[in-house]
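Examining the three-dimensional arrangement
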Amino acid sequence: MSKSFISYNNIHKLCKKGASDIKQNGPVDLIIAIGGGGFIPARILRTFLKEEGKKNIPIQAIGLSLYEQMTEDEDKIGKEVVRTQWLDFGNLSQHFDSLIGKNVLIVDEVDDTRTTLHYAVSELERDVLEMQQKLGRTDEKTTFSVFVLHNKDKPKKAQLPDEMLQNGRYIVGETVVDKWIIYPWDAQEIDEHTEKAQEQGNI
Ligand SMILES: O=P(O)(O)OC[C@H]1O[C@H](OP(=O)(O)OP(=O)(O)O)[C@H](O)[C@@H]1O
């Protein structure tokens with residue numbers, strides 16, 4: 001599979017473009033970065049989403065990793081999402097006792113088979129519902145949006161809620177063909193990497 005090299009500049013610009021779309025849905029209360037690939041885009045996005053005179057938007061991290069797993073059909077290898085880290089409101093508890101009633105933005109670098117995003121959204125929605133029922137706050141609306149730098153144009157193995165897709169709450173920096181994307185944080189030689197990205201017009 002051919003490789004597509006992405007530069008830090010390219011990522012910064014995709015975040016800037018994404019942020020203007022994200023803002024159409026109102027102010028974001030909390031960013032949830034899916035690690036590791038979502039960390040750097042989440043931090044850049046925060047720069048563009050910050051509202052004047054307001055505090056920085058908090059970023060929480062969740063750790064999700066895809067592991068290969070044999071399925072019942074032994075010829076096929078499925079992928080299982082493993083949760084390595086989850087939300088911790090800790091010192092934020094004064095403002096964030098939970099996600100209830102918040103406008104939450106989930107960030108990852110790439111939507112490949114959509115397995116990871118599906119897992120993140122459905123688990124977070126389940127957490128919120130459980131908490132709402134526990135606290136008797138079922139009348140408050142929590143909104144989840146998703147931002148990815150790249151969406152690979154390919155058949156997906158899992159879905160996102162229709163409501164999210166139809167209401168402009170799935171936001172993509174760029175939709176790309178199904179190529180192997182090489183992000184700059186994986187580069188051993190960043191100058192060479194950036195040159196290759198420039199040659200491909202990914203600047
Ligand atoms: O759409 P999907 O098929 O689910 O693939 C996308 C996910 O795969 C990568 O994660 P990975 O588990 O490789 O970990 P990393 O983010 O730590 O590199 C990437 O960061 C996304 O989270």
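This write-up is about the structure you can find in this document. All residue numbers refer to positions counted from 1 along the written sequence of the respective chain. The predicted nature of this model means local features are confined to residues of pLDDT at least 70 and side-chain atom pairs, given and counted, to a pLDDT of 80 or more, with totals for whole chains, interfaces and linings taken over all residues. Values reported for side chains reflect all heavy atoms of the structure, with hydrogen atoms and water molecules removed beforehand.

1. With respect to the overall build of the protein chain
- On a plain count of helices and strands, the protein chain comes out with 5 helices and 8 strands.
- Computed over its C-alpha atoms, the radius of gyration of the protein chain comes to 18 Å, within 12% of the 17 Å expected for a compact globule of 203 residues.
- C-alpha extents for the protein chain along the principal axes are approximately 55 × 50 × 30 Å.
- Across the 203 residues in the protein chain, those meeting the buried criterion constitute 44%.
- Contact between two residues is taken to exist if any of their heavy atoms lie within 4.5 Å; hydrogens are not considered. Here the analysis covers contacts within the protein chain between residues at least 6 apart in sequence; of these, 76% occur between residues at least 24 apart.
- In short, Shrake-Rupley with a 1.4 Å probe defines the accessible areas, and a residue's cover is counted only from the protein chains shown. Summed over its atoms, the accessible surface of the protein chain is roughly 11600 Å², and 46% of this surface lies on carbon and sulfur atoms.
- Side-chain charges in the protein chain split into 26 positive and 33 negative, and the spacing between the mean points of these groups amounts to 5 Å. Helix and strand definitions here come from DSSP, where helices need a minimum of 4 consecutive H or I residues and strands a minimum of 2 consecutive E residues; each element is numbered from the N-terminal end. We compute the radius of gyration from the C-alpha atoms alone; for a globule the expected value is 2.2 Å times N to the 0.38, where N is the number of residues. Relative accessibility decides the category of a residue: with a 1.4 Å probe and only protein chains considered, values under 20% of the type maximum give buried, values over 50% give exposed, and everything between is partly exposed. By the counting scheme adopted, Arg and Lys are positive, Glu and Asp are negative, and His together with the chain ends is not counted. For the purpose of locating charges, the reference atoms are NZ of Lys, CZ of Arg, CG of Asp and CD of Glu.

2. A look at the side chain of Ser145
- Secondary-structure assignment places Ser145 in strand E6 (residues 143–152).
- Assessed through its relative accessible area of 4%, Ser145 is described here as buried.
- Residues contacting Ser145, with those up to four places away along its chain left out, are Asn25, Asn103, Val104, Leu105, Ile106, Met164 and Arg169.

3. Considerations on the pairing of strand E2 (residues 30–35)
- Across the 6 residues of E2, 6 count as buried, placing the element largely inside the fold.
- By the alternation rule, side chains of E2 split into Leu30, Ile32 and Ile34 and Ile31, Ala33 and Gly35, which are all buried.
- Looking at chain direction, E2 and strand E5 (residues 103–111) are connected through 4 bridges and run parallel. From the neighbouring strand, Ile31 faces E5, where its bridge partner is Leu105. A pair of strands is treated as paired once DSSP finds two or more bridges between them.

4. Observations regarding the site of the ligand
- Neighbouring the ligand are 14 residues, the closest being Asp108, Glu109, Asp112, Thr113 and Thr116.
- Polar contact is the term for a pair of N or O atoms within 3.5 Å; when the atoms are in protein, one must be able to donate a hydrogen and the other to accept it, and sequence-neighboring residues count only if both atoms are side-chain atoms. One nitrogen or oxygen atom from the side chain of Thr113 is found 2.4 Å from an oxygen atom belonging to the ligand.
- Separating an oxygen atom of the ligand from a side-chain N or O atom of Thr116 is a distance of 2.6 Å.
- Its free accessible area being 500 Å², the ligand has 76% of it covered by the protein chains.
- Taken together, the elements giving at least two residues each to the shell around the ligand come down to strand E3 (59–70), E5 and helix H3 (115–135).
- Examining the composition of the shell around the ligand, we find that 4 residues originate from one element, E5, more than from any other.
- Gly is put with the polar residues, along with every residue not named as nonpolar or charged; the nonpolar set is Ala, Val, Leu, Ile, Met, Phe, Trp, Tyr, Cys and Pro, and the charged set is Asp, Glu, Lys and Arg. Grouping the constituent residues of the shell around the ligand by class yields 2 nonpolar, 7 polar and 5 charged. For this purpose, a residue is taken to be near a molecule or strand whenever a single non-hydrogen atom of the residue falls within 4 Å of it.

5. Observations concerning a negative patch on the surface
- Only residues above 30% relative accessible area that lack a salt bridge enter a patch, with like-charged residues linked at up to 9 Å and the nonpolar side chains Val, Leu, Ile, Met, Phe, Trp and Tyr linked at up to 5 Å. What counts as a salt bridge is simple: a side-chain nitrogen of Lys or Arg found within 4 Å of a carboxyl oxygen of Asp or Glu. Among the surface-exposed residues, Glu189, Asp191, Glu192, Glu195 and Glu199 lie close enough to one another that they form a single negatively charged patch.
- Tracing the chain through its elements places Glu195 in helix H5 (residues 190–199).

6. A word on unusual backbone geometry
- A cis geometry characterises the amide bond from Gly35 onward to Gly36, with omega recorded as -5°.
- Relative to the helices and strands, Gly36 resides in the loop between E2 and helix H2 (39–49).
- In this structure, Arg114 takes a positive phi of about 75° despite not being glycine.

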